[in-house]
Amino acid sequence: MSPQRQDYLIRLIEELGRFVREVLRAGEKNRTEAALPVLVETQEKLFARPAVEFLGRSLEEQIDLLAAGESAGSAADKCVTYAGILHHAAQLYTALGRPALVLGSRQLAAAVLQSATARWPEQAGRIAEAGKALAEPPVG
C-alpha cells in the first residue's frame, strides 16, 4: 500500500472517530440516529463502491472485495479499518439503546479481524494490536 493510501485509511477512521465522539458528547438521540448513514458512507469509501455491492454479502466475500488487488499488508489494513468502522457503529448503537445491533457490530468486527489474521498470518501482530485498541471501552 502506498503511504498516501495508508494515510488515507488512517485519516478515514480518525475522522469517523472524532465525528462519533462529537455526536455521543451531544447526547441527542436524533443526532445520533442521523449519524448512522455516515457509517455507510465511510464503508463505501473503504470498499470504493456503493453499499449495495457489499452489504448483504458474506464476510468472506466482503473481505475478498477489500483485498482485491491489494498486498497482504494493505488488505490487512483495510480489514482493520473496516473493524474500526464497525466498532464506531457499536458505540452509536449503544447510545441508541439497540443491544442486538451493538452485539452484531462487535461480533462482526471481531470476525473481520479473525478472518484477516487467518488469511494473512504475517500481519497477525498488527491486526492483534488493532483488536486491542477496539476492545477498549467506548468513548462517551
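You'll find the structure just up there.
Draft legend 1. Broad picture of the packing of aromatic side chains. The tally for this structure, following the rule as stated, stands at 2 aromatic pairs. A centroid spacing of 4.0 Å and a plane angle of 5° characterise the contact between F47 and F54, whose relative ring orientation is stacked. No difference in accessibility class separates F47 from F54, as the two residues are buried. Measuring from ring centre to ring centre gives 5.2 Å for F47 and Y82, while their planes differ by 85°; the resulting arrangement is edge-to-face.

Draft legend 2. Here's a closer look at the environment of R18. For R18, the position within the fold is in helix α1 (residues 3-26). Among the residues examined, R18 registers a relative accessible area of 46% and is labelled partly exposed. Here the alpha-carbon distance between R18 and A76, two residues 58 residues apart in the chain, equals 23 Å.

Draft legend 3. Representation of the pattern of salt bridges within the structure. Applying the stated criterion to the full structure yields 8 salt bridges. With a shortest N-O distance of 2.8 Å, D64 and R119 are connected by a salt bridge. A residue pair is termed long-range when its members are at least 10 positions apart, and D64 in helix α3 (residues 59-67) and R119 in helix α5 (residues 99-119) qualify at 55 residues. A salt bridge links E129 to K132; the nearest nitrogen and oxygen atoms lie 3.4 Å apart. You can see E129 and its partner K132 sitting in helix α6 (residues 124-135), 3 residues apart, about one turn around the helix. Residue classification places K132 among the exposed residues on the basis of a relative accessible area of 53%. Connected through shared salt-bridge partners, E60, D64 and R119 make up one network.

Procedures and definitions
Residues numbered from 1 in each chain as written. Predicted model: local features only at pLDDT ≥ 70, side-chain atom pairs only at ≥ 80, totals over all residues. Heavy atoms only, no water. Phe/Tyr/Trp six-rings, centres within 6.5 Å; stacked < 30°, edge-to-face > 60°. Buried < 20%, exposed > 50% of the residue type's maximum accessible area, 1.4 Å probe, protein only. Helix = DSSP H or I, 4+ residues; strand = E, 2+ residues; numbered from the N terminus. Salt bridge = Lys/Arg side-chain N within 4 Å of Asp/Glu carboxyl O.

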